[in-house]
Amino acid sequence: MTEHETTPEATGDSGTGAVVEETRTVSAPPPVPVASDHPDRWGRVDSDGTVHVKTADGERVVGSWQAGEPAEGLAHFARRFDDIRTEVELLVTRLTSGAGDPKHALTSAKHVQETLKDAAVVGDLAALSARVEYVLVLAEQGLEAAKAAKDEARAAAGARKLALVEEAEVLAAESTQWKAAGDRLRAILDEWKTIRGVDRKTDEQLWRRFSKARDAFNRRRGSHFADLDRQRGVAKNRKQELVEEAEKLVESDDWGPTAGRYKELMVEWKAAGRAPKEADDALWQRFRAAQDAFFARRSEAFSERDAEFAANAKLKEELLAEAEHIDPSHDLEAARQQLYRIQERWDAIGKVPRERVRELEGKLRAIEERVRGAVDAQWRRSDPGAEARVAQFRERVEQFEAQAAKARSAGDKRRAEQAEAQAKQWREWLAAAEQAVATR
């Protein structure tokens, strides 16, 4: 073991009496011999019963023994010595193992040291005194180590609280993760309560900073949620307007524009932001119900329309089958009249599924071309009547154009379209007749 002593020494030429730390090594003295094994080595008893102990300065009277043999008296005082020796050795064991309290050991060792010079005991007093000195050194070193550990623990506790304060200040100033930050501040407070050992002044200063940070965070969070409540109130009002408009559109039969408006309403709904949860959920249910009701009506109408269009396609297929039997090579005029009647019935049937329009119209057009080709061929063969036919075709064109104009004026769109289609057909035949006249 080592013991450190600081002594003033004059050094150099300055004469300032600088303090130099001097280190002195203190070795553990050997164990103290058990006195009761050989008490006659450490003392004696006079013929009158006076008991002496041997010391470095000579013998010292420690008591008187009249109760029995002198050897018994010497053994008695040796046992008392051994009791003190055992107490000192116990202090050494506790200090060297770290289990002992240095402060208590120091007090006990000082008490032994003070009483040892006059103690009524027989034994190796010099060895025991050295052992007590050793205990004193161990105890003082233990006290210094305990003080250093306490200082270190205090510094660590202060550093930890400072770190918690700085974290709380960052959360208070920057965090927008309100729940997570609030939970963390509560965890910091719980940890704060477990940290001990910081001096009162420092602890109070750090606590004021922590409390200020918590208050700042709570104010900022309260302001945020107040703004959020205002925004949600605005969102609620806007969504109420959107719901009312959606409900008004449910009975609309203007399928395309209304479906487009519902899509726009959905975009506006998302842009409106969140209303308070309960109100938001209720408004959303109303909005979806209106939207679903409209699209269900539209789907039903489209299903009916598709069924109608499919039936129309079947009717037009039957007309095409009938038109396939037109033979302009035998009676051209009869073929033209038959084609005309089929065209009128074709237009009267109405629309077919979009994917079948090109197919069906193409087949009818092929039949029309066949008849038109026959007409052209006849025109080329019968030149004397070509001028009359041109006039006749022109008259028919004018007749159908007049019918179309009359029907459109009367608001009969379907008949107007039929007359225009017939006028177009006769116009094509007129052009063919005129071409035949021009090239004959």
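Thresholds applied
Residues numbered from 1 in each chain as written. Predicted model: local features only at pLDDT ≥ 70, side-chain atom pairs only at ≥ 80, totals over all residues. Heavy atoms only, no water. Helix = DSSP H or I, 4+ residues; strand = E, 2+ residues; numbered from the N terminus. Rg over C-alpha atoms; globule rule 2.2 N^0.38 Å. Buried < 20%, exposed > 50% of the residue type's maximum accessible area, 1.4 Å probe, protein only. Contact = heavy atoms within 4.5 Å. Lys, Arg positive; Asp, Glu negative; His and termini not counted. Charge placed at Lys NZ, Arg CZ, Asp CG, Glu CD. Salt bridge = Lys/Arg side-chain N within 4 Å of Asp/Glu carboxyl O. Axes fitted to C-alpha atoms, helices over the stretch in contact; angles between N-to-C directions. Parallel < 35°, antiparallel > 145°, perpendicular 65-115°, else oblique. Nonpolar A, V, L, I, M, F, W, Y, C, P; charged D, E, K, R; others polar. Pairing = 2+ DSSP bridges. Domains from an automatic or database assignment. Core = buried A, V, L, I, M, F, W, Y, C linked by side-chain atoms within 4.5 Å. Phe/Tyr/Trp six-rings, centres within 6.5 Å; stacked < 30°, edge-to-face > 60°. Left-handed = near helix turned anticlockwise from the far one by under 90°. pLDDT = per-residue confidence, 0-100. Expected span 1.5 Å × (residues − 1).

Peer 1: For this particular structure, what's the right way to read the overall build of the protein?
Peer 2: Tallying secondary structure elements over the protein gives 11 helices and five strands in all. In terms of overall dimensions, the protein is more spread out than a globule: its C-alpha atoms have a radius of gyration of 61 Å, far above the 22 Å expected for 440 residues. Dimensions of the protein along its principal axes, counting C-alpha atoms only, are 190 × 60 × 45 Å. Counting across all 440 residues of the protein, residues that qualify as buried make up 35%. A fraction of 68% describes how many contacts in the protein between residues 6 or more apart in sequence connect residues 24 or more apart. Here the protein holds 74 positive side-chain charges and 82 negative ones, and the gap between their average locations is 8 Å.

Peer 1: What exactly am I supposed to notice about the pattern of salt bridges here?
Peer 2: Where side chains of opposite charge bring their charged atoms close, a pairing between them can arise. Evaluated as defined, the whole model comprises 33 salt bridges. In this structure, Glu-264 engages Arg-261 in a salt bridge whose closest nitrogen and oxygen atoms are separated by 3.0 Å. Here Glu-264 and its partner Arg-261 are both found in helix α6 (residues 255–271), three residues apart, which amounts to about one turn of the helix. The exposure class assigned to Glu-264 is partly exposed, which follows from its relative accessible area of 44%.

Peer 1: What's the story with the packing of helix α7 (residues 277–323) against helix α8 (residues 332–349) in this structure? I'm lost.
Peer 2: Between two packed helices, the angle of one axis relative to the other and the distance separating the axes together describe the packing. The geometry of α7 relative to α8 is characterised by a closest axis approach of 10 Å and an angle of 175° between their N-to-C directions. In terms of orientation, α7 and α8 fall into the roughly antiparallel class. Between α7, through Asn-312, Leu-315, Lys-316, Leu-319, Leu-320, Glu-322 and Ala-323, and α8, the contact on the second element is made entirely by Gln-338, Ile-342, Arg-345, Trp-346 and Ile-349. By residue class, the composition of the contact of α7 with α8 is seven nonpolar, two polar and three charged.

Peer 1: I would appreciate a short explanation of the sheet that holds strand β5 (residues 58–64) in the present structure.
Peer 2: By way of backbone hydrogen bonds, the strands of a sheet pair with one another, either parallel or antiparallel. The three strands are arranged β3-β4-β5 in an open sheet whose pairing can be described as antiparallel. Each edge of the open sheet is held by one strand with a lone partner, namely β3 (43–45) and β5. Taken pair by pair, the neighbouring strands of this sheet meet at an average axis angle of 25°, ignoring direction. Two strands pair when backbone bridges link them, and β3 and strand β4 (residues 50–55) are joined in this way by three bridges, in the antiparallel orientation. In the strand pairing of β4, Arg-44 is matched with His-52.

Peer 1: Could you clarify how one ought to interpret the domain arrangement of the protein in this entry?
Peer 2: By convention, interface size is frequently given as the accessible area that disappears when the constituent parts associate. Partitioning the protein into domains gives domain 1 (39–151), domain 2 (153–230), domain 3 (233–304), domain 4 (326–382) and domain 5 (385–439). Centre-to-centre separation of domain 2 and domain 3, based on C-alpha positions: 47 Å.

Peer 1: I keep staring at the nonpolar core and nothing clicks. Help me out?
Peer 2: What tends to happen in soluble globular proteins is that the nonpolar side chains get buried as a cluster. Ranked by internal contacts, the top residues of the largest apolar core, which has 34 residues, are Val-51, Phe-81, Ile-84, Val-88, Val-122, Leu-128 and Val-135. If sequence neighbours within four positions are ignored, Leu-128 has contacts with Val-32, Phe-81, Ile-84, Arg-85, Val-88 and Leu-116.

Peer 1: Which parts of the structure should I look at to understand the packing of aromatic side chains?
Peer 2: The description of an aromatic ring pair rests on the distance of the ring centres and on the angle between the ring planes. Applying the stated criterion across every chain, the model contains 15 aromatic pairs. Connected via pairs of aromatic rings, a cluster forms that spans Trp-255, Tyr-262, Phe-294 and Phe-295.

Peer 1: Just checking my understanding: could you explain the packing of helix α2 (residues 102–116) against helix α3 (residues 125–174) for this structure?
Peer 2: Running from N to C, α2 and α3 cross one another at 155°; their axes reach a closest spacing of 8 Å. For the element pair α2 / α3, the angle class is roughly antiparallel. The two elements α2 and α3 cross, and the hand of that crossing is left-handed. On the side of α2, the interface is formed by Pro-102, Lys-103, Ala-105, Leu-106, Ala-109, Lys-110, Val-112, Gln-113 and Leu-116, while α3 contributes Leu-125, Leu-128, Ser-129, Val-132, Glu-133, Val-135, Leu-136, Ala-139, Glu-140, Gly-142 and Leu-143.

Peer 1: Hey, could you run me through the confidence of the model for the protein in this one?
Peer 2: The predicted coordinates should not be examined in detail at positions where pLDDT is low. On average, residues of the protein carry a pLDDT of 83, and 91% of them reach 70 or more. The low-confidence segment residues 1–25, where pLDDT is below 50, has 36 contacts with residues more than four positions distant or belonging to other chains.

Peer 1: Looking at this model, I keep getting lost on the pairing of β4. Mind explaining?
Peer 2: Consecutive residues of a regular strand have side chains that alternate between opposite faces of the sheet. Between β3 and β4, which follow one another and run antiparallel, lie four residues, and Gly-49 among them has a positive phi close to 95°. Across six bridges, β4 lies against β5 in antiparallel orientation. Paired with Val-53 across the two strands is Arg-60, which belongs to β5. Between β4 and β5, which pair antiparallel and follow one another directly, the connecting turn spans two residues.

Peer 1: What am I meant to see in the environment of Gly-123 here?
Peer 2: With respect to the helices, strands and loops of the structure, Gly-123 is situated in the loop between α2 and α3. Measuring from C-alpha to C-alpha, the distance between Gly-123 and Phe-81 comes to 5.9 Å, with 42 residues separating the pair along the chain.

Peer 1: I keep staring at the side chain of Thr-50 and nothing clicks. Help me out?
Peer 2: Among the structural elements, Thr-50 can be located in strand β4. Overall, the relative accessible area of 17% leaves Thr-50 in the buried class. Excluding residues within four positions of it along the chain, Thr-50 makes contact with Arg-44, Val-45, Val-61, Gly-63 and Ser-64.

Peer 1: Looking at this structure, how should I read the environment of Val-53?
Peer 2: Checked against the element boundaries, Val-53 lands in strand β4. On the accessibility criterion, Val-53 (0% relative accessible area) is buried. For Val-53 and Phe-77, which are 24 residues apart along the polypeptide, the C-alpha to C-alpha distance reads 9.2 Å. Leaving out residues up to four positions away in the same chain, Val-53 has contacts with Trp-42, Gly-43, Gly-58, Glu-59, Arg-60, Val-62, Val-121, Val-122, Gly-123 and Leu-125.

Peer 1: Help me out: how do you make sense of helix α5 (residues 200–248) in this one?
Peer 2: Residue pairs spaced three or four apart in an α-helix point in one direction, given the helix's 3.6 residues per turn. Along its 49 residues, α5 runs 71 Å from first to last C-alpha, staying within 8% of the 72 Å computed at 1.5 Å per residue. By the burial criterion, the buried members of α5 are Leu-206, Phe-210, Ser-211, Ala-213, Phe-217, Leu-228, Ala-235, Lys-239, Leu-242, Val-243 and Ala-246. For α5, the elements touching its buried residues are α3, α4 (178–194), α6 and α7.

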